[in-house]
Amino acid sequence: MPRMSGWMLSVAVIVTSAFVAEAMAAEFKLSGDNTKIQFEGTKEDGKHTGSFPALSGTFDLGDDPTKAKITVKIEMGGLESDDPKLTGHLKSPDFFETAKFPEAKFVSKTIKADKGEFKVTGDLTMHGKTKEISFPAKIASKNGTAMLSSEFKINRSDWGIVYGKGKINESVKLTIDVNAK
Amino acid sequence: MPPLDWSIVKSAFLFLILPGFGIAVSLLAITAAVTRSENHRAVAATIAFVAAFLVGNGLNGLVPFAEFESGWRSLVWAMTFAALAELLIGIFFRGAASLRSTLIVSVMLIIPIVWVTPWGLIGTKPWIPALMFLAAILNQISLRRLVDRLDGHFVPLIVAIVWGGSATAVMVLSHSARFADLSILLSCSLAGLGVVAALVQQKLRWIFAGPAVFIPGLMLSAALNTYSDIPLASFILVAISPAILVFLRWKKLADWFETHPKSLVFVSLIPGFIAVGLAARAEM
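Residues numbered from 1 in each chain as written. Chains lettered and ligands numbered in written order. Predicted model: local features only at pLDDT ≥ 70, side-chain atom pairs only at ≥ 80, totals over all residues. Heavy atoms only, no water.

Examining the pairing of strand β7 (residues 103–114) of chain A
All names here are of chain A.
Then step 1. Across five bridges, the pairing between strand β5 (residues 69–75) and β7 is antiparallel. Looking at the pairing, Val 72 lines up with Phe 106 of β7.
Then step 2. Of the pairings in the sheet, the one linking β7 to strand β8 (residues 117–126) comprises nine bridges and is antiparallel in character. The partner of Thr 110 across the bridge, within β8, is Thr 121.
Then step 3. Between β7 and β8, which pair antiparallel in sequence order, lie two residues; one of them, Lys 115, sits at a positive phi of approximately 50°. (Pairing = 2+ DSSP bridges. Helix = DSSP H or I, 4+ residues; strand = E, 2+ residues; numbered from the N terminus.)

A few points about the packing of helix α10 (residues 232–239) of chain B against helix α12 (residues 261–283) of chain B
All names here are of chain B.
Then step 1. At a minimum axis distance of 8 Å, the contact between α10 and α12 shows a crossing angle of 160°. Of the possible angle classes, the one that applies to α10 and α12 is roughly antiparallel. The chirality of how α10 crosses α12 is left-handed. Residues Ala 233, Ser 234, Leu 237 and Val 238 of α10 lie in contact with α12, whose contacting residues are Pro 271, Ile 274, Ala 275, Leu 278 and Ala 279.
Then step 2. The residue makeup of the contact of α10 with α12, split by class, is eight nonpolar, one polar and no charged. (Axes fitted to C-alpha atoms, helices over the stretch in contact; angles between N-to-C directions. Parallel < 35°, antiparallel > 145°, perpendicular 65-115°, else oblique. Left-handed = near helix turned anticlockwise from the far one by under 90°. Contact = heavy atoms within 4.5 Å. Nonpolar A, V, L, I, M, F, W, Y, C, P; charged D, E, K, R; others polar.)

Description of the pairing of strand β9 (residues 129–142) of chain A
For a regular strand, the rule is simple: side chains alternate between the two faces of the sheet.
Residue and element names in this part refer to chain A.
Then step 1. Of the pairings in the sheet, the one linking β8 to β9 comprises nine bridges and is antiparallel in character. Paired with Thr 121 across the strands is Ser 134, a residue of β9.
Then step 2. Adjacent in sequence and paired antiparallel, β8 and β9 are bridged by two residues, among which His 127 carries a positive phi angle near 55°.
Then step 3. In this antiparallel pair of consecutive strands, β9 and strand β10 (residues 145–155), the connection spans two residues, and Asn 143 shows a positive phi of 50°.

Overview of the side chain of Ser 187 of chain B
All names here are of chain B.
Then step 1. Its place among the elements puts Ser 187 in helix α8 (residues 177–199).
Then step 2. By relative accessible area, which is 11% here, Ser 187 ends up buried.
Then step 3. Contact partners of Ser 187, with chain neighbours within four places excluded, come to Ala 160, Gly 164, Gly 165 and Thr 168. (Buried < 20%, exposed > 50% of the residue type's maximum accessible area, 1.4 Å probe, protein only.)

Description of the sheet that holds β5 of chain A
Then step 1. A sheet is described by the order of its strands in space; here 11 strands give the open sequence β1-β4-β5-β7-β8-β9-β10-β11-β2-β3-β6 (chain A), paired in antiparallel fashion. Looking at strand neighbours, the two that pair on one side only are β1 (26–31) and β6 (80–81) of chain A, the edges of this open sheet.

Structural notes on the environment of Thr 125 of chain A
All names here are of chain A.
Then step 1. When you line up the elements, Thr 125 lands in strand β8.
Then step 2. The partly exposed category is assigned to Thr 125, whose relative accessible area is 26%.
Then step 3. Between the C-alpha atoms of Thr 125 and Val 178, which are 53 residues apart in sequence, the distance is 20 Å.
Then step 4. Setting aside residues no more than four positions away along its own chain, Thr 125 makes contact with Ala 104, Lys 105 and Thr 130.
Then step 5. Here Thr 130 takes part through its side chain, which lies 2.8 Å from a polar atom of the side chain of Thr 125. (Polar contact = N/O pair within 3.5 Å; in protein donor to acceptor, adjacent residues only side chain to side chain.)

Re the pattern of salt bridges
Then step 1. Applying the stated criterion across every chain, the model contains 12 salt bridges over all chains.
Then step 2. In this structure, the salt-bridge partner of Lys 85 of chain A is Glu 283 of chain B, at a minimum N-O distance of 3.0 Å. Here the residue Lys 85 of chain A occupies a position in helix α2 (residues 84–91), and Glu 283 of chain B occupies one in helix α12, the pair thus bridging two chains.
Then step 3. For the salt bridge of Arg 205 of chain B with Glu 38 of chain B, the shortest nitrogen-to-oxygen distance reads 3.2 Å. One end of the pair, Arg 205 of chain B, is in the loop between α8 and α9 (209–225); the other, Glu 38 of chain B, is in helix α2 (residues 38–60), with 167 residues separating them in the sequence.
Then step 4. Accessibility expressed as a relative area gives 25% for Arg 205 of chain B, which makes it partly exposed.
Then step 5. If you follow the salt bridges from partner to partner, you end up with Glu 97 and Lys 100 of chain A together with Glu 69 and Arg 73 of chain B in one network. (Salt bridge = Lys/Arg side-chain N within 4 Å of Asp/Glu carboxyl O.)

Some details on the packing of aromatic side chains
Then step 1. Summed over all chains, the structure comprises eight aromatic pairs over all chains.
Then step 2. Summarising the aromatic geometry, the rings of Phe 106 of chain A and Phe 135 of chain A are spaced 5.7 Å apart at their centres and angled 55° between planes, so their arrangement reads as tilted. Highlighted residues: Phe 106 of chain A in strand β7 and Phe 135 of chain A in strand β9, separated in sequence by 29 residues. In this pair, the class of Phe 106 of chain A matches that of Phe 135 of chain A, namely buried.
Then step 3. Centroid distance Phe 65 of chain B to Trp 77 of chain B: 5.7 Å. Interplanar angle 50°. Geometry classified as tilted. One end of the pair, Phe 65 of chain B, is in the loop between α2 and α3 (75–92); the other, Trp 77 of chain B, is in helix α3, with 12 residues separating them in the sequence. (Phe/Tyr/Trp six-rings, centres within 6.5 Å; stacked < 30°, edge-to-face > 60°.)

Focus: the nonpolar core
All names here are of chain B.
Then step 1. Of all hydrophobic cores here, the largest spans 78 residues; its most connected members are Met 171, Phe 214 and Met 219.
Then step 2. A total of 10 residues in this core trace back to one element, the largest contributor, which is α8.
Then step 3. With residues up to four places along the chain from it excluded, the contact list for Met 171 reads Ser 176, Phe 179, Ala 180, Ser 183, Leu 218, Met 219, Ala 222 and Phe 235. (Core = buried A, V, L, I, M, F, W, Y, C linked by side-chain atoms within 4.5 Å.)

A few points about the packing of α8 of chain B against α9 of chain B
Residues and elements named next belong to chain B.
Then step 1. Contact pair α8 / α9: the axes reach a minimum separation of 11 Å and the direction vectors enclose 165°. Considering their axes alone, α8 and α9 lie roughly antiparallel with respect to each other. Considering the relative orientation of α8 and α9, their crossing is left-handed. Mapping the contact onto sequence places Phe 179, Leu 182, Ser 183, Leu 186 and Leu 190 in α8 and Pro 211, Phe 214, Ile 215, Leu 218, Ser 221 and Ala 222 in α9.

In structure tokens, the structure reads:
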């Protein structure tokens, strides 16, 4: 009987631990309301800004951000910019070609602690091409709110968006701000 | 309206206009100087036109050469194939008019359906490839007829300015820089041939299948991808612009226009003017 109790106790501990771990890694739903993804493109004599408000995804974040998991899907047809004419141009085959590539996606693979911040690495699929990117981010979970903020640059030609080489800079700044409850 | 960016103008001149115009002029001018054979000059004209277009496309990275997919990514190869097919059919079947016409019609049937129309639309919107075929064949017939009936030396230049100009204007208004550049490149390549043809008094008969396929294909691609408010009628009017001259098949009308060539230029301008007007009204 004592041996049986020990066995049952072990099972109970394992099951409970699993539930606790599950409960600690809460899943936050991401949407355009709580997640802002903005971009800034530059050229020799100016710059333009825009954003991707039509998005959805999940942010699995517990006490340990290095175990977090981020998945974001962006409806590219919903992109906005500081000029309505430019918005149409960005959706055309010159840039995102949203009729053919209506969705972009980011799926995180690893999150590592890095100099007081975190380094998020994952696959970014856009314009029909997938490429691994890494970016620095501040990640925190406070009062039931998952927070992530980041600012980094990507090279648009890595995703085959090459039009306007020499006229429009290759490097595009992305700013991400998540406040999900 | 933003101030004119001279660096963009300079870049367009150096990498788009100059290669398109320069290569076409040089190759045809050299051939015209060394031979009087109509066949040699026809071969040179097609090679000059295709080379000018391909070099300009490569220098500007407009359409990827290595992506074989129906739609705008196939426009360059579709145009090259049509231009070369027209030349070869013209040379090898010169004496067989009905066979030559059948082969040209076949080329104009296959290219718009297999290459230029996105495959997804063939089953769901069959009127699109049908319209593409109709536009390509009517354009080709009309332009050939124009060269044969009238003082054909100036036809390539007029086509480059009138048709290429209206296509470029609609592309600019539809906010597609890539398609506008393609349109400018086609106009410059054709204008290069046109200048030499006008100077050496040469009728270029076998250079119209390429543009006859390319411009409707470009208009279709632009219409499918634009996020502007330009009405579909603008794209269609430009696509079938030369087809308005199909009435030149009727001898009486053709004879009248032969004595009033300026009227013909005005008539050929009508669809382009309407198209650009509709586009400008929607976007300005």
